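# Coordinate inspection notes
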Amino acid sequence: MGGNAVGGNAAPQWLIDWCREHLHSTPTRVLFHEQRESAVFGLRLPEQADVVVKARRGDGRLGACVEAQRALAERWSPCPRPRTPVLPVGPLAVHAEELRAGGGMLPGSSPDVAERYASVFAELMAELAEVRVSVPRPNPRWVRWDHRDEGLWPSVASLDGRNQDDVPPEVDEIARRVRRRLSAERLPSVLGHADFEAQNLRWTETGISVVHDWDSLAHQPEAALVGAASGGFAGAGPATLAPVDSSAAFLERYQRVLGRRFTVTEQEIAWAASVWQAAHHARWEALHGALPVCGEELRCQADERLRLANA
């Protein structure tokens with residue numbers, strides 16, 4: 001949820017050493033540095049294409065994500081190609097991928113914008129369906145409604161250690177209702193992008209240019225993945241929740257592109273998944289004392305989305 005980017009000439013020594021060993025080159029410039037879930041460095045390498053190096057605490061799932069990204073990049077041009085597998089550096093898991101510069105974000109959350117995002121998501125999911133890799137587990141925390149931890153929310157130390165009384169009771173109640181609805185079904189799980197937000201996509205005049213953040217792959221029912229994307233696609237910094245009619249347009253376009261209609265159950269699961277993700281973000285905002293961007297949208301939309309989810 002958000003991050004700062006800075007330019008500079010110097011790279012940390014560990015990163016220089018890592019590039020020398022695994023990319024056989026010494027970076028000459030840090031093009032950007034972002035700190036979110038991962039530390040992300042854009043690097044200029046002499047006589048090579050620029051690269052992005054990502055470092056985050058290993059959680060056992062990143063290797064499968066990068067392997068899926070590698071396989072998808074062979075089939076689908078908007079997916080950046082990995083340059084290395086995931087490699088340990090102390091407690092960190094580190095890998096490099098090609099830097100795909102250019103293009104800009106597509107802003108907005110209107111139904112017509114939603115349809116453009118849905119068309120890309122449908123194309124992405126169709127290509128991922130042909131990829132055969134190990135399942136990345138656990139799922140990212142904001143879509144981990146299928147966890148087996150005690151309590152309502154998945155166990156995440158950075159969130160559990162904060163004052164839970166700061167979370168509005170209605171957020172917990174909304175999450176409880178949709179988790180019960182999501183858990184009531186046994187739909188087959190597939191691989192999908194679970195952080196399909198505006199900030200992770202770049203567009204040109206001819207269409208989609210690149211989709212980033214393949215660390216956020218998840219293995220869940222197709223309808224749940226599509227539903228989460230339909231609610232979160234407009235996130236361009238702080239996470240948000242798109243208007244209900246825009247999520248409906250997203251779901252409709254997705255089904256049209258793939259030429260398959262969701263069942264009534266799949267429609268309900270899609271709406272429920274959109275609410276779970278929004279509730280997670282609303283909880284995050286409350287625990288961090290952030291502006292309730294997603295929380296306010298959830299408050300305004302919860303009744304209608306819960307009705308559509310049959311929750």
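Look up: the structure comes first, before these words.
Keep in mind that what you see is a predicted model, and the values were worked out from it rather than measured.

### Re the nonpolar core
- Counting 73 residues, the largest nonpolar core has Tyr 117, Phe 196, Trp 214 and Phe 250 as the members making the most contacts within it.
- Top element by residues in this core is helix α8 (residues 264-288). It accounts for 13 residues.
- The residues touching Phe 196, leaving out its near neighbours within four places in the chain, are Tyr 117, Val 120, Phe 121, Leu 124, Leu 201, Ala 229, Gly 232, Phe 233 and Phe 250.
- Counting 17 residues, the second largest nonpolar core, distinct from the first, contains Leu 15, Leu 45, Val 94 and Ala 96.

### Here we look at the pattern of salt bridges
- Applying the stated criterion across every chain, the model contains 19 salt bridges.
- Of the charged contacts, one joins Arg 253 and Glu 115 as a salt bridge, the two residues approaching to 3.0 Å between their closest N and O atoms. Pair noted here: Arg 253 is in helix α7 (residues 244-258) and Glu 115 is in helix α3 (residues 111-128), with a separation of 138 residues, a long-range link.
- For the salt bridge of Arg 181 with Glu 185, the shortest nitrogen-to-oxygen distance reads 2.7 Å.
- Look at Arg 181 and you get buried, because its relative accessible area is 10%.
- By relative accessible area, which is 25% here, Glu 185 ends up partly exposed.
- Each of Arg 181, Glu 185 and Glu 268 takes part in a single network of salt bridges with overlapping partners.

### Some remarks on the side chain of Gln 277
- Tracing the backbone through its elements, the reader meets Gln 277 in helix α8.
- Setting aside chain neighbours within four positions, we find Gln 277 in contact with Trp 142, Val 143, Ala 194, Ala 228 and Gly 232.

### Concerning the pairing of strand β3 (residues 39-44)
- The buried fraction of β3 is high, at 5 of 6 residues.
- Bridge count for strand β2 (residues 29-35) against β3 is 6 bridges, and the pairing is antiparallel. Residue Val 30 lies in a different strand from β3, and its bridge partner there is Leu 43.
- Hairpin connection between β2 and β3: a loop of 3 residues separates the two successive antiparallel strands.
- Between β3 and the antiparallel strand that follows it, strand β4 (residues 51-57), lie 6 residues; Glu 47 among them carries a positive phi value of about 60°.

### Things to note about the packing of helix α6 (residues 222-232) against α8
- The geometry of α6 relative to α8 is characterised by a closest axis approach of 7 Å and an angle of 50° between their N-to-C directions. The orientation of α6 with respect to α8, classified from their angle, is oblique. Handedness of the α6/α8 crossing: right-handed. Mapping the contact onto sequence places Ala 223, Ala 224, Gly 227, Ala 228, Ser 230, Gly 231 and Gly 232 in α6 and Glu 266, Ile 269, Ala 270, Ala 273, Ser 274 and Gln 277 in α8.
- Of the residues belonging to the contact of α6 with α8, the class tally is 6 nonpolar, 6 polar and 1 charged.

### Re the packing of aromatic side chains
- Considering all chains together, one arrives at 11 aromatic pairs under this definition.
- Ring plane angle 45° and centroid distance 6.1 Å describe the contact between Tyr 254 and Phe 262, whose orientation is recorded as tilted. Across the pair, exposure class does not vary: Tyr 254 and Phe 262 are buried alike.
- Aromatic rings pair up to connect Tyr 117, Phe 121, Phe 196, Trp 203, Phe 233, Phe 250, Tyr 254 and Phe 262 into one cluster.

Thresholds, definitions, all that
Residues numbered from 1 in each chain as written. Predicted model: local features only at pLDDT ≥ 70, side-chain atom pairs only at ≥ 80, totals over all residues. Heavy atoms only, no water. Core = buried A, V, L, I, M, F, W, Y, C linked by side-chain atoms within 4.5 Å. Buried < 20%, exposed > 50% of the residue type's maximum accessible area, 1.4 Å probe, protein only. Helix = DSSP H or I, 4+ residues; strand = E, 2+ residues; numbered from the N terminus. Contact = heavy atoms within 4.5 Å. Salt bridge = Lys/Arg side-chain N within 4 Å of Asp/Glu carboxyl O. Pairing = 2+ DSSP bridges. Axes fitted to C-alpha atoms, helices over the stretch in contact; angles between N-to-C directions. Parallel < 35°, antiparallel > 145°, perpendicular 65-115°, else oblique. Left-handed = near helix turned anticlockwise from the far one by under 90°. Nonpolar A, V, L, I, M, F, W, Y, C, P; charged D, E, K, R; others polar. Phe/Tyr/Trp six-rings, centres within 6.5 Å; stacked < 30°, edge-to-face > 60°.

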